[in-house]
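Coordinate analysis (summary)
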Amino acid sequence: MPDIADTAYQDEQAEQLEDDGNALELAILAVIAARLAKLTAETDYLQAREDVLRDLAKVEAIAARGSSKLSQAAAEIIQRMFELNNEWAAAFYAAAEKVQDVESVAPIAKAGKAAAKANVGAFCRTSVMGVVQADGTFALLQDAYLSAVNQAITEMRAGAPNAQAIRKAVSSLASGGLRVQYGSGRTRELYAAVATNVMDGYRDVMQAMRDVQAEEFGYDGIEVSAHSMCAPDHQPYQGKRFTIEEFNRIQAGLRRPIGTGANCRHTTAKVLLAATKNAYTAEDRKRMKEASNREVTYTMPSGKEKTCTAYEFTQAQRQMETRARKLDARAKLMQAAGLEEDAKQARAMRRAAVKAYKRASEQAGVRTRLERTSVGELR
């Protein structure tokens, strides 16, 4: 049975959502790129506006399809967690000689699935999607689309080559991707917003279920989850069990309390200390600590050598994956816009980025995740 509190397992679930979210972004932006490809200096502004409005109906249909797929995936992730969590809790009920009633936590899972689907739906509405423009301001999709089309026509009429005007508009779309804006004004790319929200809900639902179950079987300790590539301040505590008093004392002394945000990916569970063996042995913890702190030297994309810990390298590795994926999206959008040479150039740049990524990962001894370097199609 997989450890559903382990970040590696949760990352696998998040990646499924990210893949579908990236595909949704690309499918929507490709509609805009295809429209830009048809513009000329003779294009009438009013006609262009009517074309954009018709395109938005296509975009709405794509967004609905993507929302349905992402919502279903989110519900399935939480349902699977519900089933596996009940298996995990069974040992504690048995040790306490109490009967486990899975129906006591079924409403929590049901509410979690409903919330996940609703949140995905809220993010995947064209009325909240948008792009960050060249001046740094956020514009809703319809406004940004109309602005890009009008700007391209204006530049063409002023004498700019068609390809130049189209390239400028598509580059702006490809660089920041499709985004959603929060109440604070901060924006986040759609795929990341969806995956983060669903997985935050996953952890909230799991914690709520385990809290109820712990009260039922009678807990007397706290177990901290563990994961590879852990930050140094939490390494001494991950994968261990503590009495309630010990755990509270540890938490009070930490600048970043365990499992309370602040970029901490650990979760905590209330357990019966004598019921089962700890999921992680001392050897497991030692191995994870050594893997995280291992010194590595790798060649950065710039060509410079850098030495850091393996944990720090994984942060740089994720940035390299994102760059390669952005270049893949750029190539596909340039292709949709009819800019063959630009698409060819972006593909070449992506190949170079992937080559640098593979080389650096091999030097660091950290496995590659090549699936993170490309964008698939929305199916």
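The coordinates are above.
Residues numbered from 1 in each chain as written. Predicted model: local features only at pLDDT ≥ 70, side-chain atom pairs only at ≥ 80, totals over all residues. Heavy atoms only, no water.

Concerning the layout of surface pockets
Of the pockets and cavities examined, the largest pocket occupies roughly 1600 Å³. Every residue lining the largest pocket is counted, 46 residues in all, and those nearest its centre are Thr-7, Asp-11, Arg-265, Arg-318 and Arg-372. For the lining of the largest pocket, the secondary structure elements donating two or more residues are helix H1 (7–36), helix H6 (190–217) and helix H9 (310–336). In terms of residue class, the lining of the largest pocket is built from 13 nonpolar, 19 polar and 14 charged. (1 Å grid on protein atoms, 1.4 Å probe; cavity = no way out; pocket = protein on both sides within 12 Å on 5 of 7 lines; lining within 4 Å. Points joined across faces, edges and corners; volume = space filled by probe spheres on them. Helix = DSSP H or I, 4+ residues; strand = E, 2+ residues; numbered from the N terminus. Nonpolar A, V, L, I, M, F, W, Y, C, P; charged D, E, K, R; others polar.)

Things to note about empty space enclosed by the protein
Under the defined criterion, the tally for this structure stands at two cavities of 30 Å³ or more. Residue lining of the largest cavity: 14 residues in total, with Asn-22, Glu-25, Glu-189, Lys-326 and Ala-329 positioned closest to the centre. Residues belonging to the lining of the largest cavity are distributed by class as follows: eight nonpolar, two polar and four charged. Its volume calculated, the second largest cavity comes out at about 40 Å³. Taken together, Glu-18, Asp-19, Asn-22, Arg-325, Glu-371, Arg-372 and Ser-374 make up the lining of the second largest cavity. A total of three residues in the lining of the second largest cavity trace back to one element, the largest contributor, which is H1. Of the residues that constitute the lining of the second largest cavity, the class distribution is no nonpolar, two polar and five charged.

Focus: the packing of aromatic side chains
By convention here, two paired aromatic rings are described through the distance between centres and the angle between planes. Taken as a whole, this structure holds six aromatic pairs when the rule is applied. When the centroid spacing of 4.7 Å and the interplanar angle of 70° are considered together, the rings of Tyr-298 and Phe-313 count as edge-to-face. Pair noted here: Tyr-298 is in strand S8 (residues 295–299) and Phe-313 is in helix H9, with a separation of 15 residues, a long-range link. The burial state of Tyr-298 is the same as that of Phe-313; both residues are buried. In this structure an aromatic cluster arises from ring pairing among Trp-88, Phe-92, Tyr-93 and Phe-217. Between the NZ or CZ atom of Arg-186 and the centre of the ring of Tyr-182, over which it lies, the distance is 5.0 Å. (Phe/Tyr/Trp six-rings, centres within 6.5 Å; stacked < 30°, edge-to-face > 60°. Buried < 20%, exposed > 50% of the residue type's maximum accessible area, 1.4 Å probe, protein only. Lys NZ or Arg CZ within 6 Å of the ring centre and 35° of its normal.)

Section: the sheet that holds strand S7 (residues 268–271)
Within a sheet, adjacent strands bond to each other through the backbone by hydrogen bonds, running parallel or antiparallel. The strand order across the open sheet formed by three strands is S6-S5-S7, and the pairing between neighbours is antiparallel. Each edge of the open sheet is held by one strand with a lone partner, namely strand S6 (241–243) and S7. Here the strands of the sheet are splayed against their neighbours by 30° on average, with no regard to which way each runs. Here strand S5 (residues 221–224) pairs with S6 via three bridges, running antiparallel. Its bridge partner lying in S6, Glu-223 is registered against Arg-241. Across the sheet, helix H2 (residues 45–95) touches S5, S6 and S7, and the angle it forms with S7 is around 30°. (Pairing = 2+ DSSP bridges. Axes fitted to C-alpha atoms, helices over the stretch in contact; angles between N-to-C directions. Contact = heavy atoms within 4.5 Å.)

Let's talk about the side chain of Glu-25
Here Glu-25 is to be found in helix H1. Polar contacts involving the side chain of Glu-25 include one to the main-chain amide nitrogen of Leu-178, which spans 3.0 Å. The residues contacting Glu-25, other than those within four sequence positions of it, are Gly-177, Leu-178, Glu-189, Leu-190 and Tyr-191. (Polar contact = N/O pair within 3.5 Å; in protein donor to acceptor, adjacent residues only side chain to side chain.)

Observations regarding the environment of Ala-48
Looking at the element boundaries, Ala-48 is found in helix H2. Ala-48 sits in the buried class, given a relative accessible area of 3%. Among residues more than four places away in sequence, those in contact with Ala-48 are Thr-43, Val-149 and Ile-153.

With respect to the pairing of S5
A two-sided burial pattern is seen for S5, the buried positions comprising Gly-221 and Glu-223 on one face and Ile-222 and Val-224 on the other. Sheet topology note: the S5/S7 ladder contains four bridges and is antiparallel. Bridge pairing in S7 links Gly-221 to Val-271.

Regarding the sheet that holds strand S1 (residues 129–132)
Pairing is antiparallel across the open sheet formed by four strands, whose spatial order is S2-S1-S3-S4. If you trace the sheet from one side to the other, it starts and ends with strand S2 (138–140) and strand S4 (187–189), each paired once. Going from strand to strand, the sheet's axes swing by 45° on average, the running direction of each strand aside. Alignment of S1 against strand S3 (residues 179–181), held across two bridges, turns out to be antiparallel.

Some thoughts on H1
With 30 residues, H1 extends 42 Å from end C-alpha to end C-alpha; this agrees with the ideal 44 Å at 1.5 Å per step. Burial within H1 is extensive, with 22 of its 30 residues counted as buried. (Expected span 1.5 Å × (residues − 1).)

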